[in-house]
Structure formats: structure tokens, C-alpha cells
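# Architecture at a glance
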Amino acid sequence: MSAAPISLIVNGTRHRFAGDPSMPLLWYLRDELALTGTKYGCGIAQCGACTVHVNGAPVRACQRRMQTLEGAAVTTIEGLHPDGAHPLQQAWRTVDVPQCGFCQAGQIMQAATLLARTRTPSDAEIDAAMTGHLCRCGTYPRIRAAIKAAAEQSR
């Protein structure tokens, strides 16, 4: 017995998924849609590398199952801005945040949620919002600076 296909919108394009409904969203994005900007980090929702937006809220794609996504709108780092010109993406480059870059897609997606809710976040608000997003290279001061720069640019 097969499950009904799941219809969802990814980065503005409607898709139908007819595979294993228990598949994590991360594998659908990476393996079936070739959206490889979203990274596999820990696989247990502890590092944040796989963060995407589902209906505008940040979620860990490694733990979000396809069966929960009927009618959902998913935004990945590729969909944040078609040319990589979202204020956060620009600030990330200007401030030279990436070191290895592995965590940056998840960091940027989480930061985008913060800036959508808080136009001028304080250091404490940034730290609270970014808790749970690990950077193996320790670029946390540059991440905070980039978020502040993006907030300034967005005003």
C-alpha cells in the first residue's frame, strides 16, 4: 500500500513527492531536488546546519518528515534570494563570516527569521536566536556582526 503523494512548494515551485513519507526533508531537498545548500550536520537537530523555513518558521530539515509537509511552503538558502543578494547573504560576504562555511546556510536561515521578527536586534536577542546553531570554526563574533550589518542595511 502506497501513501498519497505529498504536495509542497519549495522555493516558490510546486512539487509532488511520492516516496517514503518518513523520509527527512533534508534528503528530499538534497537528493531529489539537488538543493545542496542545506547541509547535513549532526542528523539529530542539534547543530542547525540543516535549518530551512517551513511556512516561514525555521525547522531542522534532518528531523522534519515528508509526511508532515502536505501543502507546506519550504524555503531553503537557495530560495532566500535568487541571486544570493538577501541582506544577510551580502553581510555574510562583507563581514567575511565563512571560514569552512559548513554551518552558514543554517545560520543565515535562522538569522533571517530573527530579522523578520526584530528589525534591530540587540546582542542578547541575536545570541538567543542563534543558540543551537553551532559553528565549528568559532566565527560567532563575525556572525553577530553580519546580522547587525544586515539589520542596518534593511532599514
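The structure this text deals with has already been given above.
Described below are features of the structure shown in this document. Keep in mind that what you see is a predicted model, and the values were worked out from it rather than measured. Within each chain, residue numbers correspond to sequence positions counted from 1 in written order. Whole-chain, interface and lining totals are the exception, using all residues; otherwise, since this is a predicted model, local features are given only for residues with pLDDT of at least 70 and side-chain atom pairs are given and counted only at 80 or more. Excluded from the side-chain calculation are hydrogens and water; included are all heavy atoms of the structure.

## What about the packing of helix α3 (residues 87-94) against helix α6 (residues 140-154)?
Fitted lines through C-alpha atoms give the axes, limited to the stretch in contact for helices. The angle between two N-to-C directions lies from 0 to 180 degrees. Helix numbers and strand numbers start at the N terminus; a helix is a DSSP run of H or I with at least 4 residues, a strand a run of E with at least 2. One way to put it is that α3 packs onto α6 with a least axis distance of 8 Å and a crossing angle of 130 degrees. Judged on the interaxial angle alone, α6 and α3 are oblique. Note that α3 runs across α6; the crossing there is right-handed. Here Pro 87, Leu 88, Gln 90, Ala 91 and Trp 92 of α3 lie close against α6, whose contacting residues are Ile 143, Ala 146, Ile 147, Ala 149, Ala 150, Gln 153 and Ser 154. Here the contact of α3 with α6 is composed, by residue class, of nine nonpolar, three polar and no charged. Any angle that is under 35 degrees is reported as roughly parallel, and any over 145 degrees as roughly antiparallel; angles of 65 to 115 degrees are reported as roughly perpendicular and all others as oblique. We call a crossing left-handed when the near helix sits turned anticlockwise from the far one by less than a right angle, and right-handed when that turn is clockwise. Here, residues are in contact when the closest pair of their heavy atoms is within 4.5 Å. Under the scheme applied here, ten amino acids are nonpolar (Ala, Val, Leu, Ile, Met, Phe, Trp, Tyr, Cys and Pro), four are charged (Asp, Glu, Lys and Arg), and all others, including Gly, are polar.

## Focus: the state of the cysteines
Formally, a disulfide is one covalent bond, and it connects the sulfur atom of one cysteine to the sulfur atom of another. Our working definition of a disulfide is a cysteine sulfur pair at a distance within 2.5 Å. Under the definition given, this model contains zero disulfides. Cys 62 takes part in no disulfide bond, and the closest cysteine sulfur, belonging to Cys 50, lies 3.6 Å away. You can call Cys 62 buried: its relative accessible area is 7%. Type-normalised accessible area, obtained with a 1.4 Å probe on protein chains alone, sets the label of each residue: buried when under 20%, exposed when over 50%, and partly exposed for intermediate values.

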